[in-house]
Amino acid sequence: MDDTNRLTQKKEQWAKARRGGEEREVFHEGNDRLPPGQHLVETFPVLDLGFKPDIPHSEWTLSLGGFVTTPVIWTWEQFQAQPRFRDVSDFHCVTSWSRYDNEWEGVSFKHILSVVAPLSLAKFVLFKSYDDYTTNLPLEACNDDDVLLASKWNGAPLTREHGGPVRVIVPKRYAWKGAKWVKEITFLDKDEKGFWEVRGYSNTALPWLNDRYA
Ligand SMILES: Nc1nc2c(c(=O)[nH]1)N[C@H]1C(S)=C(S)[C@@H](COP(=O)(O)O)O[C@H]1N2
Ligand SMILES: [Mo]
């Protein structure tokens, strides 16, 4: 087994153990801000596949393609030249921690949609990252006011460990639906499951429904 597989397996076991524990005795009911089964943290844990890609701005590109009218490949300078967007949101990881009031800054997904103009047959979005991670969402879920491609967190450039240069933030879904180190965004007519989705995690990933596993 290679290191990535071993770490992935470890993470899965950890998530399952947490789930078992929660179901038996430490399940949190949640409240009007904390979804069921979550607990609040003030730190910002780092989760990845055991590999944090290092992409200098000079080599970074973001490709937007698939079923769109105008595919584009942005350099770092071109990404930075897009209209800026800021949003504060709560972050919910499926391994049960939540972090409130994260201030994200970058480019809104609404702006992405206005640039590429998806064709009417585009119904799903697949995200690919520099660490080969993938995750998927319906286009509807991405076309929301709080979804963005973030390059700053709490006023500072996004660090490499948290997905810099650019990560995707989808506040209404568990955090695995937001690709760190994002590299390609592909608009598709059919749903194509991502890394965790093919490994038994929920395809919808809705924190308020405690919707963790498929
Ligand atoms: N490229 C990539 N994106 C990823 C992951 C990953 O391993 N690789 N992990 C996901 C998971 S499971 C979570 S909880 C969040 C963690 O983000 P953080 O490390 O900033 O807390 O990133 C998500 N995006
Ligand atoms: Mo996660």
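The rules behind the values
Per chain, residue numbering runs from 1 following the sequence as it is written. Chain letters and ligand numbers both follow the written order, the letters beginning at A and the numbers at 1. Reporting of local features is limited, given that this is a predicted model, to residues whose pLDDT is at least 70; pairs of side-chain atoms are given and counted only at 80 or more, and all residues count toward the totals for whole chains, interfaces and linings. Excluded from the side-chain calculations are hydrogens and water; all other atoms, namely the structure's heavy atoms, are used. A run of DSSP states H or I qualifies as a helix once it reaches four residues; a run of E qualifies as a strand once it reaches two. Both are numbered from the N-terminal end. Burial here depends on accessible area, computed with a 1.4 Å probe over protein chains only, as a share of the maximum for the residue type. Under 20% is buried, over 50% is exposed, and the range in between is partly exposed. Contacts are assigned to residue pairs with any non-hydrogen atoms lying within 4.5 Å of each other. Note on areas: these come from Shrake-Rupley sampling with a 1.4 Å probe, and a residue is covered only by the protein chains present in the view. Here a strand pair is declared whenever DSSP counts at least two bridges between the two strands. The axes used here are C-alpha line fits, helices contributing only the stretch in contact, and every angle between their N-to-C directions lies in the interval 0 to 180 degrees. Aromatic rings from Phe, Tyr and Trp, with only the six-membered ring used for Trp, were paired whenever their centres fell within 6.5 Å, and each pair was classed as stacked if the ring planes differed by under 30 degrees, edge-to-face if by over 60, and tilted otherwise. A side-chain nitrogen of Lys or Arg and a carboxyl oxygen of Asp or Glu constitute a salt bridge if their distance falls within 4 Å. Working definition: residue near molecule or strand if any one of its non-hydrogen atoms lies within 4 Å of it. Counted as a polar contact is a pair of N or O atoms within 3.5 Å, where, for protein atoms, one must be capable of donating a hydrogen and the other of accepting one, and residues adjacent in sequence contribute only when both atoms are in side chains. In this classification, the charged set is Asp, Glu, Lys and Arg, the nonpolar set is Ala, Val, Leu, Ile, Met, Phe, Trp, Tyr, Cys and Pro, and all remaining amino acids, among them Gly, are polar.

Under an unreviewed UniProt entry, the chain has the name Oxidoreductase, molybdopterin binding and belongs to Nitrospira japonica.

Caption draft 1: How the structure looks around the overall build of the chain. Looking only at helices and strands, the chain features 4 helices and 11 strands. Looking at the chain as a whole, 51% of its 214 residues are labelled buried. Within the chain, contacts between residues separated by at least 24 positions form 68% of all contacts whose residues are at least 6 apart in sequence. Summed over its atoms, the accessible surface of the chain is roughly 10,400 Å², and 51% of this surface lies on carbon and sulfur atoms.

Caption draft 2: Representation of the sheet that holds strand β7 (residues 134-138) in the model. One open sheet holds the 5 strands; their spatial order is β3-β2-β11-β6-β7, and the pairing between them is mixed. The sheet terminates laterally at β3 (72-75) and β7, the two strands that pair on one side only. Adjacent strand axes in the sheet meet at a mean angle of 15 degrees when their direction is disregarded. The pairing of strand β6 (residues 124-129) with β7 spans 5 bridges and is antiparallel. If you follow Val-125 over to β7, its bridge partner there is Leu-137.

Caption draft 3: Broad picture of helix α3 (residues 109-116). Residues of α3 that are buried include every one of Phe-109, His-111, Ile-112, Leu-113 and Val-116, and no others. Phi turns positive one or two residues past the end of α3, at Ala-117, with a value near 50 degrees.

Caption draft 4: Local environment of the pairing of β3. Every second residue of β3 is oriented toward a common face, the buried set being Val-72 and Trp-74 and the non-buried set Ile-73 and Thr-75. Relative to β3, strand β2 (residues 61-66) runs antiparallel, the two sharing 4 bridges. Note on β3: the bridge partner recorded for Ser-63 is Ile-73. Hairpin geometry of β2 and β3 is characterised by an intervening segment of 5 residues between the two adjacent antiparallel strands.

Caption draft 5: Looking closely at the packing of aromatic side chains. Counted according to the given criterion, the structure contains 18 aromatic pairs. Judged by centre distance (5.5 Å) and plane angle (80 degrees), the rings of Phe-44 and Phe-91 are edge-to-face. In this pair, Phe-44 is assigned in the loop between β1 (39-40) and β2 and Phe-91 in strand β4 (residues 85-92), connecting sequence segments 47 residues apart. Residue Phe-44 is classed as buried on the basis of its relative accessible area, which comes to 13%. With a relative accessible area of 9%, Phe-91 lands in the buried category. Between the aromatic rings of Trp-74 and Phe-79, the centroid separation amounts to 6.3 Å while the plane-to-plane angle is 65 degrees, which identifies the pairing as edge-to-face.

Caption draft 6: The pattern of salt bridges, seen in detail. Summed over all chains, the structure comprises 11 salt bridges. As a salt-bridge pair, Asp-90 and Arg-33 come within 2.8 Å of each other at their nearest N and O atoms. You can see Asp-90 sitting in strand β4 and its partner Arg-33 sitting in the loop between α1 (3-26) and β1, a full 57 residues away along the chain. Across the pair Asp-54 and Arg-160 runs a salt bridge whose closest N-O atoms are separated by 3.8 Å. Residue Asp-54 is located in the loop between β1 and β2, and its partner Arg-160 is located in the loop between β9 (156-157) and β10 (167-169); the two are separated by 106 residues in the primary sequence. A relative accessible area of 58% places Asp-54 in the exposed class.

Caption draft 7: Inspection of the site of ligand 1 at higher detail. Lining the immediate surroundings of ligand 1 are 21 residues, of which Pro-45, Asp-131, His-162, Arg-167 and Lys-180 lie closest. Leu-47 is positioned such that a nitrogen or oxygen atom in its backbone is 2.8 Å from an oxygen atom of ligand 1. Taking Ser-129, its side chain carries an N or O atom lying 3.3 Å from a nitrogen atom of ligand 1. A total of 530 Å² of accessible area belongs to ligand 1 in isolation, and the protein chains cover 99% of it. Here the shell around ligand 1 is built from residues that sort into 13 nonpolar, 3 polar and 5 charged.

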